[in-house]
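Tertiary structure, described
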Amino acid sequence: MPQSAVTGAGLSGSQSVDRALGLLSLIGREPAEGLPLGEIVSGSGLNKPTARRLLLALMRAGLVEQEAQTRRYCLGEEAFVLGVLAARRHSLLELAMDSLRRLSGETQDTSFLTVRRENYAICLHREEGTYPVRTHALQAGDQHPLGVGAGSLALLAALPDEDVDRIVAANEAALLARYPGFPPDAVRADIVQTRARGFSLNPGRLVASSWGMGRAFRYPDGRVAGALSLAAIDSRMTPARQAELATLLAREGARMEALLARMFLSKPGGKPVAASPRMIETGRAK
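Residues numbered from 1 in each chain as written. Predicted model: local features only at pLDDT ≥ 70, side-chain atom pairs only at ≥ 80, totals over all residues. Heavy atoms only, no water.

**Describing the confidence of the model for the chain**
Detailed reading of the predicted coordinates is not advisable wherever pLDDT is low. Here the chain averages 84 in pLDDT, and 84% of its residues register 70 or above. By mean pLDDT, helix α11 (residues 277–282) is the weakest element of the chain at 36, and helix α7 (residues 150–157) is the strongest at 97. With pLDDT under 50 throughout, residues 1–10 is counted as low confidence; its partners more than four residues away or in other chains account for 13 contacts. For residues 267–286, every residue scores under 50 in pLDDT, and the model assigns this stretch 31 contacts once sequence neighbours within four places are set aside. (pLDDT = per-residue confidence, 0-100. Helix = DSSP H or I, 4+ residues; strand = E, 2+ residues; numbered from the N terminus. Contact = heavy atoms within 4.5 Å.)

Okay, here's the thing in structure tokens:
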């Protein structure tokens, strides 16, 4: 079938759904600024009329909005509602809240929960510390290519080498165009250092004077579940304090893994069961 027949007006119902969801995912990578139509067209591979028609359908559903002044497309209110409902079902954030509160309470710094979303990392929650000078480099909902930022780097470094190679290659264009402090070679070097020291470190390369440290934690089947991280101004990230914070991150990472193990690997009677990825994704491993 000619490509024009696929991307033109004759899309089948299932093709339209697949492509609309693809557009939603693409727009979701820029939740704050949104994307102009041209970038959506180039990023999706669709022609302009098809992309526009699918965007209008998503707008009618409330999943996408168009900013009146910039004409950029952003996630809509309904997407937020669905995200909140999904968060209640997939209770990783709920499980992590005690750890985030402990980290921020003990350090006075800001803590974060970050998870992987394909080749990107998304911040699920930001827990403020009480230290009067704070860093605002990362907000809940922000997304960056894996390897950019402390939590994101911790996630990437915890993946197998073949996944790392594929992800860094897939993100190369975005890294070079939008993240001058994170060229692919630097990201790969960061991974080596993260694995050697046991935690990730971002020495102010995303936002000047804003330093971060992170540590990944895993599901019982070994897959990476998420990362806990801390951020502070550079003067609070001396080598001696990095060692202290690394100990706290390791403690809370271990607690998260213990909680996930109890959640997914125990049945009444205490007999462990294997939790499949599908069980973990739907929260049905009991």
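There is more to say after this.
**Some points on the pattern of salt bridges**
Scanning all chains against the criterion turns up 13 salt bridges. Between arginine 101 and aspartate 98 there is a salt bridge, and its shortest N-O distance comes to 3.4 Å. Here aspartate 98 and arginine 101 lie together in helix α6 (residues 92–107), a separation of three residues that amounts to about one turn. Of the residues examined, arginine 101 reaches a relative accessible area of 45% and is grouped as partly exposed. What makes aspartate 98 partly exposed here is its relative accessible area of 46%. Sharing partners across several salt bridges, the network here consists of Arg102, Glu106, Arg251, Glu252 and Arg255. (Salt bridge = Lys/Arg side-chain N within 4 Å of Asp/Glu carboxyl O. Buried < 20%, exposed > 50% of the residue type's maximum accessible area, 1.4 Å probe, protein only.)

**Regarding the packing of helix α3 (residues 37–44) against helix α4 (residues 48–60)**
It is at 10 Å that the axes of α3 and α4 come closest, and there the two elements cross at 110°. Between α3 and α4, the angle falls in the class roughly perpendicular. Side by side, α3 and α4 meet where Leu37, Ile40 and Val41 of the first sit next to Lys48, Ala51 and Leu55 of the second. A per-class count over the contact of α3 with α4 returns five nonpolar, no polar and one charged. (Axes fitted to C-alpha atoms, helices over the stretch in contact; angles between N-to-C directions. Parallel < 35°, antiparallel > 145°, perpendicular 65-115°, else oblique. Nonpolar A, V, L, I, M, F, W, Y, C, P; charged D, E, K, R; others polar.)

**Let's talk about the nonpolar core**
Among the nonpolar cores identified, the biggest contains 25 residues, and Leu92, Met213, Phe217, Leu228 and Leu260 are the most heavily contacted of them. Elements represented by at least two residues in this core include exactly α6, β3 (110–117), β7 (210–218), β8 (224–233) and α10 (239–265). The dominant element in this core, judged by the number of residues it contributes, is α10, at seven residues. Listed in part, the 21 residues of the second largest apolar core include Leu146, Ala158, Ile191 and Ala227. (Core = buried A, V, L, I, M, F, W, Y, C linked by side-chain atoms within 4.5 Å.)

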